[in-house]
Amino acid sequence: MSTGSIEDNLSAVRARIQHACTEAGRTAESVRLVAVSKTVDIDAVSAALAAGQLEFGENRVQELERKAGCLPERIVWHMIGHLQANKVRAVVRHAAWIHSVDTPVLIERIDRIAGEEGCCPSILLQVNTSGEDSKSGCLPEMTGQLLDAALACEHISCQGLMTMGPLPGGNEETRACFRMLRELRDSLSVSRGIPLPQLSMGMTGDFELAIAEGATMVRIGTAIFGPRK
Ligand SMILES: *Cc1c(COP(=O)(O)O)cnc(C)c1O
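Cut-offs and rules
Residues numbered from 1 in each chain as written. Predicted model: local features only at pLDDT ≥ 70, side-chain atom pairs only at ≥ 80, totals over all residues. Heavy atoms only, no water. Helix = DSSP H or I, 4+ residues; strand = E, 2+ residues; numbered from the N terminus. Rg over C-alpha atoms; globule rule 2.2 N^0.38 Å. Buried < 20%, exposed > 50% of the residue type's maximum accessible area, 1.4 Å probe, protein only. Contact = heavy atoms within 4.5 Å. Areas by Shrake-Rupley, 256 points an atom, 1.4 Å probe, with all protein chains shown as cover. Lys, Arg positive; Asp, Glu negative; His and termini not counted. Charge placed at Lys NZ, Arg CZ, Asp CG, Glu CD. Near = heavy atom within 4 Å. Polar contact = N/O pair within 3.5 Å; in protein donor to acceptor, adjacent residues only side chain to side chain. 1 Å grid on protein atoms, 1.4 Å probe; cavity = no way out; pocket = protein on both sides within 12 Å on 5 of 7 lines; lining within 4 Å. Sits in = over half its atoms within 2 Å of the grid points. Nonpolar A, V, L, I, M, F, W, Y, C, P; charged D, E, K, R; others polar. Points joined across faces, edges and corners; volume = space filled by probe spheres on them. Disulfide = S-S within 2.5 Å. Pairing = 2+ DSSP bridges. Right-handed = clockwise from strand over helix to strand, strands pointing away.

Student: I'm lost on the overall build of the chain in this one. Help?
Tutor: A tally of regular secondary structure across the chain gives nine helices and eight strands. Scaling as 2.2 N^0.38, a compact globule of 229 residues should have a C-alpha radius of gyration of about 17 Å, and the chain matches this with 17 Å. For the chain, buried positions account for 51% of its 229 residues. In the chain, 57% of the contacts between residues at least 6 apart in sequence involve partners at least 24 apart. Of the accessible surface of the chain, which amounts to about 10600 Å², a share of 50% is contributed by carbon and sulfur atoms. Taking the 23 positively charged and 28 negatively charged side chains of the chain as two groups, their mean positions are separated by 3 Å.

Quick look at the structure:
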């Protein structure tokens, strides 16, 4: 896997997404590919861009700032990594999407700063579905409270939920996490009477399982850019 050119890798990933969608009885358009470009150099991002990839994910604020500053403005940046409160302004300036929102403090801060910056970022609430201590994300039972805090904000558009599968996870365990996220989304969407269309789940090792469980955004790095150093 991922020994070819970035262009070839991207086509292969798109074909796998298409296949997983077909298997799940879904359309390929129902899944967005976020190319995770963390640690990858500018030339590699440019190569992916030239191959038609417009959405990229970063997990470090400084790297996001640096890349957003020197790559074309048409790129849609996604912040997918753990976010510190003192870095919110830089993220709000550069990222249209923030996948890793997991505390009320962060929500308040994003709302205030987005208001000051005159924008309205799309956010996803990150949920720790695997129960692993190493994972960011709120407890599943706290998600409703977090959602209510986000819905009370003027400068935040809450679009759904995000999770990471268990690291060593076997297929069943991994699917159970993704299913939990979907069911949580379904019940919150009904109880709050709002659409929460996005489910960001699935990486290189598990995105087909995530698509089978309803992922609308897959975050894929290694299969596109090769192994990270
Ligand atoms: C690094 C990362 C990914 C991509 O991982 P790959 O296994 O390289 O596809 C996805 N999501 C998050 C939050 C990440 O930090």
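Student: When you look at the site of the ligand in this model, what are you seeing that I'm missing?
Tutor: Around the ligand, a shell composed of Val36, Lys38, Ile80, Met164, Met203, Thr204, Arg219, Ile220, Gly221, Thr222 and Arg228 is seen. One of the side-chain nitrogen or oxygen atoms of threonine 204 is found 2.5 Å away from an oxygen atom of the ligand. A distance of 2.5 Å separates an oxygen atom of the ligand from a polar atom in the side chain of threonine 222. Protein contact buries 91% of the 390 Å² of open area that the ligand shows by itself. Of the pockets mapped on this structure, the ligand occupies the largest pocket. By residue class, the composition of the shell around the ligand is five nonpolar, three polar and three charged.

Student: Explain empty space enclosed by the protein here, please?
Tutor: The rolling of a water-molecule-sized probe over the atoms marks out the regions of remaining empty space. As enumerated under the stated definition, the model contains one cavity of 30 Å³ or more in all. In this structure, the largest cavity encloses a volume near 30 Å³. Along the walls of the largest cavity sit Gln126, Val127, Asn128, Thr129, Ser130, Lys135, Ser136, Thr163 and Met164, which together make up its complete lining.

Student: Just to check I follow, could you spell out the state of the cysteines for this structure?
Tutor: In a disulfide, the sulfur atoms of two cysteines are held together by a covalent bond. Tallied over the full model, the rule gives zero disulfides. Note on cysteine 120: no disulfide assigned, nearest cysteine sulfur contributed by cysteine 119 at a separation of 7.6 Å. Of all cysteine sulfurs in the structure, the one in cysteine 153 sits closest to cysteine 158, which takes part in no disulfide; the separation is 9.5 Å. Using a relative accessible area of 13% as the deciding quantity, one classes cysteine 158 as buried.

Student: What is the right way to read the pairing of strand 3 (residues 76-79) from this model?
Tutor: One face of the sheet, then the other: side chains in a regular strand alternate in exactly this way. Relative to strand 3, strand 2 (residues 55-58) is paired through four bridges, and the arrangement is parallel. Opposite glycine 57, over in strand 3, you have histidine 78 as the bridge partner. Taken together, strand 2, helix 3 (residues 61-70) and strand 3 constitute a β-α-β crossover, and its handedness is right-handed. The pairing of strand 3 with strand 4 (residues 97-101) spans two bridges and is parallel.

Student: Just checking my understanding: could you explain the pairing of strand 6 (residues 157-162) for this structure?
Tutor: Most of strand 6 is tucked away, with five of its six residues classed as buried. Strand direction decides the pairing type here: strand 5 (residues 122-126) and strand 6, joined by five bridges, are parallel. Counted as the bridge partner of glutamine 126 is methionine 162 from strand 6. Handedness of the crossover joining strand 5 and strand 6 through helix 6 (residues 143-151) is recorded here as right-handed. Pairing between strand 6 and strand 7 (residues 198-200): three bridges, direction parallel. Directly across from methionine 162, in strand 7, lies its bridge partner serine 200. For the crossover from strand 6 across helix 7 (residues 171-192) to strand 7, the handedness is right-handed.

Student: I'm lost on the side chain of asparagine 128 in this one. Help?
Tutor: If you trace the backbone, asparagine 128 turns up in the loop between strand 5 and helix 6. Accessibility expressed as a relative area gives 10% for asparagine 128, which makes it buried. Of note is the side chain of asparagine 128, whose polar atom sits 3.3 Å from the backbone nitrogen of serine 130. At a separation of 3.4 Å, a polar atom in the side chain of asparagine 128 contacts the main-chain carbonyl oxygen of lysine 135. When sequence neighbours within four positions are dropped, the list of residues in contact with asparagine 128 reads Lys135, Ser136, Gly137, Cys138 and Pro140.

Fair warning: the whole summary comes from geometry, so function is off the table for now.
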